[in-house]
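Here is what each chain is made of, one letter per residue.
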Amino acid sequence: MTQRLADHAQPTDIPGNPRSDWWREAVIYQVYPRSFADGNGDGMGDIPGIRARLPYLRDLGVDAVWLSPFYASPQADAGYDVADYRAIDPMFGTLHDADGLIRDAHALGLRIIVDLVPNHSSDQHEWFKQALREGQGSPLRARYHFRPGKGENGELPPNDWESVFGGPAWTRAEDGEWFLHLFAPEQPDFNWEHPAVRDEFRSILRFWLDMGVDGFRIDVAHGLVKAEGLPDIGDHEQLKLLGNDVLPFFDQDGVHEIYRSWRQILDEYDGERIGVAEAWTATVDRTAKYLRPDELHQAFNFQYLGTGWDAEELRKVIDQSLDAMRTVGAPTTWVLSNHDVVRHLTRLGGGVRRARAASLLMLGLPGSAYVYQGEELGLPEVTDLPDEVRQDPAFVRAAGQDGFRDGCRVPIPWTAEGASYGFGAGGSWLPQPEVWKTLAVEAQTGDPDSTLELYRSALALRREHPGLGAGTEVEWADAPVGVLAFRRPGGFMCTVNAGEGPVTIPAPGGLLLASGELGAEADGSVTLPPDTTAWWAV
Ligand code: GLC
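What counts and how
Residues numbered from 1 in each chain as written. Predicted model: local features only at pLDDT ≥ 70, side-chain atom pairs only at ≥ 80, totals over all residues. Heavy atoms only, no water. Domains from an automatic or database assignment. Pairing = 2+ DSSP bridges. Helix = DSSP H or I, 4+ residues; strand = E, 2+ residues; numbered from the N terminus. Polar contact = N/O pair within 3.5 Å; in protein donor to acceptor, adjacent residues only side chain to side chain. Contact = heavy atoms within 4.5 Å. Near = heavy atom within 4 Å. Areas by Shrake-Rupley, 256 points an atom, 1.4 Å probe, with all protein chains shown as cover. Nonpolar A, V, L, I, M, F, W, Y, C, P; charged D, E, K, R; others polar. Salt bridge = Lys/Arg side-chain N within 4 Å of Asp/Glu carboxyl O. Buried < 20%, exposed > 50% of the residue type's maximum accessible area, 1.4 Å probe, protein only.

Participant: So, the domain arrangement of the protein: which residues are in play, and what are the values?
Facilitator: Interfaces are often sized by the accessible area lost when the parts come together. When the domains of the protein are assigned, the result is domain 1 (126-180) and domain 2 (471-537). Using only C-alpha atoms to locate each centre, domain 1 and domain 2 end up separated by 57 Å.

In structure tokens, the structure reads:
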């Protein structure tokens with residue numbers, strides 16, 4: 001174990017090193033900067049806070065850290081409304097802090113992935129302010145989507161598109177023209193047909209690559225290109241169509257050209273810098289298109305995230321995902337939680353037992369896995385936040401894409417005592433529930449039954465065991481109804497009881513790790529209680 005960390009910490013294991021394909025089986029930890037650690041006690045997480053906690057992430061055993069946006073932003077959508085792509089918001093620190101973060105992470109053997117938000121800017125971005133100032137007909141407006149309205153006096157929106165956050169996707173500027181925003185009105189969509197937009201983002205990529213980042217998570221990667229003429233959708237319930245290829249603003253074929261040009265830039269840099277698509281598409285096959293060899297490296301597997309705790313459904317989505325990604329030579333990814341969805345402990349409906357079983361299944365699959373801050377502590381969704389503290393624009397606009405998102409964004413607990421449970425020296429921008437006390441990092445550390453120690457053990461095994469993570473295949477074994485059992489090369493097997501009652505099976509081999517206690521039978525077989533996953537050396 002000590003040896004492993006020492007090896008991993010070699011600075012040569014970072015950009016510039018000859019090792020390739022690090023991302024194919026990487027465990028990538030999502031930091032939500034507002035809610036991870038607060039270095040200056042103002043109640044809001046920041047980069048100095050993250051820097052101070054990097055050793056925790058190294059010891060947890062993750063390979064890379066993805067940071068949600070920390071750029072200059074009025075925070076109309078928690079930083080996904082960027083006013084300056086080359087500056088850090090003062091609330092999070094400075095560029096100097098970001099540089100220090102990247103350097104510290106690399107010194108610890110961790111890679112850094114930053115969030116890039118190319119579909120839209122903030123309405124406080126210089127280009128959008130110019131577009132408003134210059135008025136109708138100005139070429140500077142062409143970098144966004146401005147259109148005259150319909151109706152006698154242009155009082156109706158130019159088409160029938162709806163914002164993901166609810167309400168029309170158009171807002172009228174003071175001079176009477178309308179501008180498009182697929183999200184909040186403070187997030188106007190860029191016009192990706194405009195060469196200046198394309199040039200600007202290539203330059204932004206280079207800016208951060210020069211700073212040393214190891215990759216980008218690309219926000220709304222499926223949204224950049226809109227169907228020509230911005231046609232009406234017609235008589236559909238639009239929200240039901242999100243992630244459906246009939247929408248004229250999502251998953252248009254034109255996006256792929258953009259990612260091909262970005263891939264060329266990523267490949268100019270040493271150390272395998274990667275692009276990760278946040279692409280909500282209708283099928284895993286559509287997602288695979290973003291991962292053709294000359295496009296991006298990974299995409300989130302939202303089909304997996306959207307699958308309930310059901311053995312048959314899980315097996316189906318695992319097979320489909322592996323098959324789809326194999327056709328383009330990309331690794332499959334797995335994700336259960338992020339800052340936009342209800343935490344999986346709550347969403348899967350089976351409490352901490354089921355959450356632990358789901359996590360161990362995810363980490364036993366081949367490919368790359370995403371862990372959202374706090375899931376390693378077994379944090380539940382916070383469901384009783386008072387309305388007045390909520391900041392999610394989806395809540396304010398009263399129609400969320402996945403329900404309201406503040407409940408998974410509550411600052412995480414580090415210590416059992418103290419202001420904001422060690423999140424910072426002051427308070428916390430969202431109130432933390434009392435149960436945080438028992439779920440704090442400090443409270444779980446050293447307790448072999450804790451979820452934190454389960455994650456630590458699982459991630460350590462992933463590094464030590466040759467069969468875990470690598471490859472693109474699972475070999476399914478016969479199993480009773482409600483149970484998943486698969487083998488992996490290198491002598492690894494995973495069994496999952498997603499059914500309702502206990503099942504007894506012949507012990508597949510030596511137990512490596514289990515998400516809950518197993519029953520040992522006199523004849524050498526084992527009983528898997530419901531909501532339990534076990535890893536075996538076979
Ligand atoms: C992505 C982000 C989400 C944000 C939206 C608009 O889906 O994950 O948090 O609200 O894009 O940028």
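Participant: How would you summarise the sheet that holds strand 19 (residues 519-520) if you had to cite specific residues and measurements?
Facilitator: Sheet architecture is open: 3 strands sit in the order 17-20-19, paired in antiparallel fashion. Every other strand in the sheet has two partners, leaving strand 17 (503-506) and strand 19 as the edge strands with one partner each. Note: strand 19 against strand 20 (residues 525-528), 2 bridges, orientation antiparallel. In the sheet register, alanine 520 faces strand 20, and the bridge partner there is valine 526.

Participant: Run through the side chain of aspartate 77, naming residues and quoting values.
Facilitator: With respect to the secondary-structure elements, aspartate 77 resides in the loop between strand 3 (71-72) and strand 4 (84-88). Separated by 3.2 Å, the side chains of aspartate 77 and arginine 405 make a polar contact. Apart from the residues within four sequence positions on either side, aspartate 77 is in contact with Phe165, Gln187, Pro393 and Arg405.

Participant: Provide a residue-level description of the site of the ligand, including the pertinent values.
Facilitator: Around the ligand there are 14 residues in total, and Asp77, Asp219, Glu278, His339 and Asp340 lie nearest to it. In the environment of the ligand, an oxygen atom lies 2.8 Å from a nitrogen or oxygen atom belonging to the side chain of aspartate 219. When the ligand is considered free in solution it has 300 Å² of accessible area, and contact with the protein chains removes 99% of it. Residue composition of the shell around the ligand, by class: 4 nonpolar, 3 polar and 7 charged.

Participant: Got a sec to walk through the pattern of salt bridges? Specific residues and values, please.
Facilitator: The final tally for this structure, using the stated rule, is 35 salt bridges. The salt bridge partner of arginine 217 is aspartate 219, with a shortest N-O separation of 2.7 Å. For the residue pair arginine 217 and aspartate 219, the accessibility class agrees, reading buried in each case. Among the salt bridges present, the one from arginine 405 reaches aspartate 340, with a minimum N-O distance of 3.0 Å. Linking arginine 405 in the loop between helix 13 (393-396) and helix 14 (436-439) with aspartate 340 in the loop between strand 12 (333-335) and helix 11 (344-347), this pair joins segments that are 65 residues apart in sequence.

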